[in-house]
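Observations on the model geometry
In case you want the letters, here they are:
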Amino acid sequence: MAPQNIHVFLAGSGLIGSALLTKINAQRERLLAEEGIALKVAGIVNTKKMVLGEHLGTLSGWKEELNTRGQKADLAQFVAGMKAMRLPNAVFVDCTASEEIPALYNTILAERIAIVTPNKKGLSSNFKFYKNLKLLASQNHTRFLYETTVGAGLPVLSTIRDFMLCGDRVEKISAIVSGTLSYIFNSFEGNTTLSKAVREAQKLGYTEPDPRNDLNGMDAARKLVIVARECALPMECADVEIEQLIPQGRKKETVKEFLKTLERYDAQFEAKKQRAIARGAVLRFVAEIENGKAKMFLKEVASNHPFAGLRGSDNIFSFTTDHYHETPLIVRGKGAGAEVTSAGVFSDIFKAVRL
Ligand SMILES: NC(=O)c1ccc[n+]([C@@H]2O[C@H](COP(=O)([O-])OP(=O)(O)OC[C@H]3O[C@@H](n4cnc5c(N)ncnc54)[C@H](OP(=O)(O)O)[C@@H]3O)[C@@H](O)[C@H]2O)c1
C-alpha cells in the first residue's frame, strides 16, 4: 500500500523549529515502516532564507538546502508557493514569535491548509481576529491547533476543549503559567533573595533577554487569555488584572542596572517570604480565571498545596469543573523547553491531518 504523506511547511528554524526538524528526522523511518506514514518537510522559511520543495530530504539536506540553495526570505512568496504546490495533508507550522506571520493565517486556512503553532501572538491578539481564525478553520474543515502556546507540551488546551465538548462547566482555573516566574519563586527560599533568584533564572536561560519582560507578567497574560478564550470567554490581554511585582517605569535602565536596582526590593520580598513561612505557606505567582475574570498575583499557598511542591520551571493547572468539583483535575509538568515543546508541535501535526 502506498504511504500516506504529511507535508510540513515550517516557519522558524530557531530553538523549537530546529528541535522539530530533528524529531521529524529521527522518527521518519519508523513512521514509514510501522505506520505507513511519510512525514515530509516541504518548505522552511526564517528571517533570512527560504526553501520550498516536495523532496527536501533529511535533516542535513534541509539545512544545506536552506543555506546553499535557499532564496532570500519572502513570506508572501513562501505562502503563495505552498498554496501552488497543492500537496495533500499540508500543515503550516509557525515556530516563530512573529506578529507578521499570524497576519497570514487567514489566507492559509482559506486554502484548507492546516496550521499548528506554539506562537502566542496571533491567538492572544484582538478577540475578533482570533474568532475569525477559528471560524475560517471550521468553515474550511481545516484544523488550527496551538496546544503548545500554553504549558508547552502539557495537555492544557485539549483538556479544556474536552470539558467544553461534553458540557462540563469550567468554574475556576488556577495555574502557574510562567516557567520563568515559577522558577523564580520555586527558588526564592532559604537565604536566596529575590534578585538572586532572578539572576539565577537569567543565567540558566529561563528569562527573556530582559527579565523585566517576564516580571511584568505580559507573556503569562497572553497565555491566560488563550486559556480564557478556550473556555469561550471573549477576553483581551488588557482585561487581565496583573499585580506588578516591582514598580514599572524603569525601562531606561540597562538590564545590568535593572538587576542592581532589583536588590532594593529584596528586603520587602524577604518580609513577604517570612510572613508566608510563619503561616506555613510559600509565595507563588498564581494566575486565576473565575466568574469571567482573569488575574495574576502573588499568593501565599499552604506548604501542602500542589502549587507549593513545584520544582524548577514547572507549570501547573488546576481545573475546577462540575465533574471535577471536590477534587480539581490537575495537569503538571515541565512547562518550557525545546524537547517538550517540539514534541507537542509534532503531536499537533498528526492531529491536524486526516489520515
Ligand atoms: N522556547 C520554549 O520553551 C517555548 C515554549 C513554548 C512556546 N514557545 C514559542 O515557540 C516560538 C518559537 O520559539 P523559539 O524559542 O524557537 O524562538 P527562536 O529560537 O527565537 O526562533 C525563532 C525563529 O523564528 C524565525 N522568525 C522570526 N520572525 C520571522 C519572520 N517574520 N519570518 C520568518 N521567520 C521568522 C527566526 O528566524 P532567524 O533564524 O532568521 O532569526 C527563528 O528561526 C515562540 O513563539 C515561543 O514563544 C517557546
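The shown structure was predicted, so the numbers you read here are calculated from the model rather than taken from an experiment.

Cut-offs applied
Residues numbered from 1 in each chain as written. Predicted model: local features only at pLDDT ≥ 70, side-chain atom pairs only at ≥ 80, totals over all residues. Heavy atoms only, no water. Pairing = 2+ DSSP bridges. Helix = DSSP H or I, 4+ residues; strand = E, 2+ residues; numbered from the N terminus. Near = heavy atom within 4 Å. Polar contact = N/O pair within 3.5 Å; in protein donor to acceptor, adjacent residues only side chain to side chain. Areas by Shrake-Rupley, 256 points an atom, 1.4 Å probe, with all protein chains shown as cover. 1 Å grid on protein atoms, 1.4 Å probe; cavity = no way out; pocket = protein on both sides within 12 Å on 5 of 7 lines; lining within 4 Å. Sits in = over half its atoms within 2 Å of the grid points. Nonpolar A, V, L, I, M, F, W, Y, C, P; charged D, E, K, R; others polar. Buried < 20%, exposed > 50% of the residue type's maximum accessible area, 1.4 Å probe, protein only. Arc of directions from axis to C-beta. Contact = heavy atoms within 4.5 Å. Core = buried A, V, L, I, M, F, W, Y, C linked by side-chain atoms within 4.5 Å. Domains from an automatic or database assignment. UniProt positions renumbered as here; feature names shortened; annotations may be inferred. Points joined across faces, edges and corners; volume = space filled by probe spheres on them.

1. Considering the sheet that holds strand S9 (residues 241-242)
The strands making up a sheet associate through backbone hydrogen bonding, with each pair oriented either parallel or antiparallel. Read from one edge of the open sheet, six strands run S9-S11-S10-S8-S12-S13, paired in mixed fashion. Two strands lie at the open edges of the sheet, namely S9 and strand S13 (329-334), each paired on one side alone. Relative to strand S11 (residues 293-302), S9 runs parallel, the two being bridged by two bridges. Within the sheet, the bridge partner assigned to Glu241 lies in S11 and is Lys295.

2. Concerning the sheet that holds strand S1 (residues 4-11)
Spatial strand order, S4-S3-S2-S1-S5-S6-S7: seven strands in an open sheet with mixed pairing. Edge positions in the sheet fall to strand S4 (71-72) and strand S7 (144-145), since each of these pairs with one other strand and no more. In terms of strand pairing, S1 meets strand S5 (residues 90-94) through five bridges, oriented parallel. From the neighbouring strand, Val8 faces S5, where its bridge partner is Val91.

3. Comments concerning the site of the ligand
The environment of the ligand is formed by 22 residues, the closest being Ile16, Thr47, Lys48, Thr96 and Gly337. With respect to the ligand, the backbone of Ile16 contributes an N or O atom lying 2.7 Å from an oxygen atom. A distance of 3.1 Å separates a nitrogen atom of the ligand from a polar atom in the side chain of Glu100. Taking 910 Å² as the accessible area of the ligand by itself, protein coverage stands at 73%. Judged by the proximity of its atoms to the pocket grid, the ligand belongs to the largest pocket. When its residues are assigned to classes, the shell around the ligand shows eight nonpolar, 11 polar and three charged.

4. Overview of helix H7 (residues 157-165)
For H7, every residue scored as buried is listed here: Leu157, Thr159, Ile160 and Phe163. Within H7, the buried residues cover an arc of 160 degrees as seen down the axis, which keeps them to one side. The elements touched by buried residues of H7 are strand S8 (170-176), helix H11 (218-230), strand S12 (314-321) and S13.

5. What to know about the pairing of strand S3 (residues 49-52)
With three bridges joining them, strand S2 (residues 37-45) and S3 adopt antiparallel strand pairing. The residue of S3 that forms the bridge with Val45 is Met50. Count of turn residues in the S2/S3 antiparallel hairpin: three residues. Strand direction decides the pairing type here: S3 and S4, joined by two bridges, are antiparallel.

6. Describing the nonpolar core
If you look at the biggest cluster of nonpolar residues, it comprises 76 residues, and the most contacted ones within it are Phe92, Phe144, Ile184, Phe185, Phe317 and Phe319. Here this core gets seven residues from one element, more than from any other, and that element is H11. Domain assignment of the residues forming this core places at least three in each of domain 1 (4-152 + 339-352) and domain 2 (157-335). Leave out the neighbours within four places in its chain, and Phe92 touches Phe9, Ala11, Phe78, Met82, Ile101, Tyr105, Ile108, Ile113, Ala114, Ile115 and Val116. Counting residues in hydrophobic clusters, the runner-up holds 27 residues, among them Leu10, Cys95, Phe346 and Ile349.

7. Some remarks on the UniProt feature "binding site: NADP(+)" (unreviewed entry) in the protein chain
Feature annotation in UniProt places "binding site: NADP(+)" (unreviewed entry) on Gly12, Ser13, Gly14, Leu15, Ile16 and Gly17, given in this structure's numbering. Of the residues annotated just before, the largest pocket has Gly14, Leu15, Ile16 and Gly17 among its lining. Looking at where Gly12 falls in the secondary structure, it is placed in the loop between S1 and helix H1 (15-35). Apart from residues no more than four positions distant in its own chain, Gly12 is found in contact with Gly17, Val45, Cys95 and Thr96.

8. Considering the layout of surface pockets
Its boundaries defined by the atoms lining it, the largest pocket holds a volume of some 1,100 Å³. As for the largest pocket, its lining consists of 35 residues, of which Ile16, Lys120, Glu208, Asp219 and Lys223 are closest to the centre. Counting only elements with at least two residues in the lining of the largest pocket, the list comes to H1, helix H5 (120-123), helix H8 (179-186), H11 and helix H14 (338-352). Among the elements that line the lining of the largest pocket, the one with the most residues is H11, at five residues. Among the residues making up the lining of the largest pocket, the classes are represented as 12 nonpolar, 16 polar and seven charged. The residue makeup of the lining of the largest pocket includes at least three contributed by each of domain 1 (4-152 + 339-352) and domain 2 (157-335). Taken as a whole, the second largest pocket encloses approximately 520 Å³ of empty space. What lines the second largest pocket is a set of 19 residues, and nearest its centre among them are Tyr130, Lys134, Ser138, Arg161 and Glu230. Looking at the lining of the second largest pocket, the elements with two or more residues in it are helix H6 (127-139), S7, H7 and H11. The biggest single contributor to the lining of the second largest pocket is H6, with seven residues. Across the lining of the second largest pocket, the residue classes tally to nine nonpolar, three polar and seven charged.

9. What to know about the environment of Ile173
Locating Ile173 in the fold gives a position in strand S8. Separated by 156 residues in sequence, Ile173 and Leu329 place their C-alpha atoms 9.7 Å apart. With near-sequence residues (within four places) excluded, Ile173 lies in contact with Ile160, Val227, Cys231, Ala287, Glu288, Ile289, Ser318 and Phe319.

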